Amino acid sequence: MLIRKAPRFRSSEITDVKAYLNRRSFMAGAAALALTPSVARAAAPAPGRPLAATRSPAFSLSEPPTKFEAATTYNNFYEFGVNKDDPARLAGSLKPRPWAVQVDGHVARPKTYEIDELIRLFPPEERVYALRCVEGWSMIIPWIGFPLASLLKRVEPTGKATHVEFTTLLDPAQFPGQRPSFLGFSSLEWPYIEGLRLDEALHPLTLLTVGMYGQVLPNQNGAPVRVVVPWKYGFKSAKSLVRIRLVAEQPRTAWEKAAPHEYGFYSNVNPAVDHPRWSQATERRIGEFRRRPTLLFNGYADQVASLYAGMDLKKHF
Ligand SMILES: Nc1nc2c(c(=O)[nH]1)N[C@H]1C(S)=C(S)[C@@H](COP(=O)(O)O)O[C@H]1N2
Ligand SMILES: [Mo]
């Protein structure tokens, strides 16, 4: 996901930042080719608070999950830095309690939900989904959450709502990557914004996620609440949400603002639509050597292809 420009740096600083990012980018590529050495090197994650959930076999892959250790030490969470092991090392500064999520915009019943109230209102299910990162790797993760549609229906979107905008917490005290002085600055604009079309947000696969592997979400995976959209590249699944807003236009997302030709609004997993700088035809499951073919809509085509009927997926990438 590393991109070339760094607009918030003065021109005198840009050379250094570019050199730094290029080196990191090279190292990330090297790590992905090897036996994920950054996973092996990172500190073992502390076990979290257990979170009970009913298994949902109808919504679960039968593939064995990625090792918990890999899923919690090989992360993208640029608020903590651009390296895969930064989130696991630095996420202790994030405080997932107390926490509130504002649900508002074009809705009849806007409401700010305290996080534990949210978990009580919507009984969590466990669903094993594949997460495919735009960088070419994937994981199988047993998430715990509930359909985003349950929450959206409760606040009653009005006829004006066409899209949903997700906002991650903005707090440089908790997120070192949001400080202007942060060394590995990614050139993303904070807060991290993501978005979905309303029909995508209401799709039964779209999960508002509060846990994984039988536990509350580890900080590095987006505590205390994140969205998971399994047929899209991982960056659409925004972490540590403080606001879910129903809007009347397509939200401008953080990655689109940073590199519009590389990261489109839809970002549906599609082996036939390459990233301008690399192929999307194959992927490597974390924990495996061989690359495997990437599936259209990350394997969820039967469930979601109808959302895009008649659309040119190369144009709406
Ligand atoms: N707020 C925020 N959300 C984010 C990101 C980020 O940098 N900031 N990275 C995204 C990317 S690129 C991926 S692949 C997934 C990774 O989720 P995981 O670390 O739980 O596997 O989170 C996504 N959500
Ligand atoms: Mo990603």
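Our subject is the structure listed above.
Residues numbered from 1 in each chain as written. Chains lettered and ligands numbered in written order. Predicted model: local features only at pLDDT ≥ 70, side-chain atom pairs only at ≥ 80, totals over all residues. Heavy atoms only, no water.

Draft legend 1. Spotlight on the pattern of salt bridges. Overall, the coordinates contain 19 salt bridges when judged by the stated rule. Arg-55 serves as the salt-bridge partner of Glu-126, at 3.4 Å between the closest nitrogen and oxygen. Taken as a pair, Glu-126 in strand β4 (residues 125-132) and Arg-55 in strand β1 (residues 54-55) lie far apart in primary sequence, 71 residues in all. Classification of Glu-126 by relative accessible area gives buried; the value is 10%. According to the relative accessible area criterion, Arg-55 is exposed, its value standing at 63%. Residues joined in a network through salt bridges with shared partners are Glu-63, Arg-132, Glu-283, Arg-285, Glu-288 and Arg-292. (Salt bridge = Lys/Arg side-chain N within 4 Å of Asp/Glu carboxyl O. Helix = DSSP H or I, 4+ residues; strand = E, 2+ residues; numbered from the N terminus. Buried < 20%, exposed > 50% of the residue type's maximum accessible area, 1.4 Å probe, protein only.)

Draft legend 2. Structural detail: the site of ligand 1. Taken together, 16 residues form the shell around ligand 1, and within it Asn-75, Tyr-78, Glu-79, Ser-237 and Lys-239 come nearest. Between ligand 1 and Thr-168 there is a distance of 3.0 Å, counted from a nitrogen atom to a side-chain nitrogen or oxygen. Separating an oxygen atom of ligand 1 from a side-chain N or O atom of Arg-226 is a distance of 2.9 Å. For ligand 1, the protein covers 100% of the area, taking 540 Å² as the surface of the free molecule. Residue classes in the shell around ligand 1 are distributed as 7 nonpolar, 6 polar and 3 charged. (Near = heavy atom within 4 Å. Polar contact = N/O pair within 3.5 Å; in protein donor to acceptor, adjacent residues only side chain to side chain. Areas by Shrake-Rupley, 256 points an atom, 1.4 Å probe, with all protein chains shown as cover. Nonpolar A, V, L, I, M, F, W, Y, C, P; charged D, E, K, R; others polar.)

Draft legend 3. Broad picture of unusual backbone geometry. Backbone torsion omega between Arg-97 and Pro-98 reads -15°, so that peptide bond is classified as cis. Mapping Pro-98 onto the fold places it in the loop between α4 (86-90) and β2 (100-105). Non-glycine residue Phe-297 carries a positive phi angle of around 50°. By the element assignment, Phe-297 lies in the loop between β13 (291-293) and α9 (301-304). Note on Phe-297: relative accessible area 2%, which makes it buried.

Geometric values such as these leave the question of function open.
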